[in-house]
Amino acid sequence: MRIIAIASGKGGVGRTTITANLGIALSELGKSTIIVDASLTTPDLALLFKLERSVYTINDVLSGEASLSEVLHVGPKGVQIATAAMTLEQIKKVSPERMAEVLRGVPANTDFVIIDVPGGLKRETIAAIRAAQEVLLVATPDMISLSDCMKARLISEFLGLTTIGVVLNRVRKDEFEIGGNEIKTVLNLPVLAEIPEDESVREALNKGEPLMVMDPRSRAAKAIMNLAKKLIKTKGPKA
Ligand code: ADP
Ligand code: MG
């Protein structure tokens, strides 16, 4: 089993979009996959699956009132989803630090656990990263995002995680953009995928249907599918 944190430092770069669609892609490729919303104070993953009315969430697991298997929803292609609660009362009751312990309880036949890590340097951010073994960094091709990505990498490596590489999202290949090769050199990390800026991502969000389901032939969906294939080929740290 591989537990992978999708982290970035900066918010709004596509972590939730990538977590959701990568989870579906891995499931479609036959891998038993669980995706977890660890953005406890800014929970968004449920919105991408129209699961925002879920009664049981990861908050109940973190507060010790339910087991992980009790709160998992089965989504497209069989991906299993643990959403986070949206109400303030539910948000207040959790101890983010229990995330690692909770994820140690995932069924042994699980191939991948993908964690949607919140931005910044909050308690919940550190707790989410600590719960993983590997980190996949997400950045947009601009200096601010890349600088924040480096911070996320330092924290992850300090906590003993293996950095798999970077996913560049919202790539437009315009005049002012920093190119994939340049980023590879600056970060000294492989760029595992370049996901284009694609209107279908927002269309899917508005429809409450994941991109992989709404338009698997879109450019962004194809890039995420290729990322899933690459991840399967790379060996986990304990493999
Ligand atoms: P994060 O979880 O890092 O805060 P999100 O996944 O919520 O980021 O994405 C932020 C916004 O950017 C959302 O409105 C999303 O629809 C949009 N977005 C993400 N990736 C793309 C893309 N490749 N093309 C177009 N819009 C995108
Ligand atoms: Mg998010």
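Up top you'll find the structure we're talking about.
None of the values given here were measured: they were computed from a predicted structure.

Novice: Just checking my understanding: could you explain the site of ligand 1 for this structure?
Specialist: Looking at ligand 1, there are 16 residues lining it, with Gly-12, Arg-15, Thr-16, Thr-17 and Arg-170 nearest. Take Gly-12: an N or O atom from its main chain is 2.7 Å from an oxygen atom of ligand 1. A distance of 2.9 Å separates an oxygen atom of ligand 1 from a polar backbone atom of Gly-14. Relative to its unbound accessible area of 560 Å², ligand 1 is 85% covered by the protein chains. Of all the elements in the fold, those that place two or more residues in the shell around ligand 1 are helix H1 (15–28), strand E7 (162–171), strand E8 (191–196) and helix H10 (199–207). A class-by-class count of the residues in the shell around ligand 1 yields five nonpolar, six polar and five charged.

Novice: Mind showing me how you'd approach the pairing of strand E1 (residues 2–7) here?
Specialist: On any regular strand, side chains alternate: one points to one face of the sheet, the next to the other face. A large share of E1 lies buried, amounting to six of its six residues. Covered by surrounding structure in E1 are Arg-2, Ile-4 and Ile-6 together with Ile-3, Ala-5 and Ala-7, the residues of both alternating faces. Relative to strand E5 (residues 112–116), E1 is paired through five bridges, and the arrangement is parallel. Across the sheet, the residue bridging to Ile-3 is Val-113, located in E5. Direction of pairing for E1 relative to strand E6 (residues 134–139): parallel, over a ladder of four bridges. Bridge pairing in E6 links Ile-4 to Glu-134.

Rules used in this analysis
- Residues numbered from 1 in each chain as written.
- Chains lettered and ligands numbered in written order.
- Predicted model: local features only at pLDDT ≥ 70, side-chain atom pairs only at ≥ 80, totals over all residues.
- Heavy atoms only, no water.
- Near = heavy atom within 4 Å.
- Polar contact = N/O pair within 3.5 Å; in protein donor to acceptor, adjacent residues only side chain to side chain.
- Areas by Shrake-Rupley, 256 points an atom, 1.4 Å probe, with all protein chains shown as cover.
- Helix = DSSP H or I, 4+ residues; strand = E, 2+ residues; numbered from the N terminus.
- Nonpolar A, V, L, I, M, F, W, Y, C, P; charged D, E, K, R; others polar.
- Buried < 20%, exposed > 50% of the residue type's maximum accessible area, 1.4 Å probe, protein only.
- Pairing = 2+ DSSP bridges.

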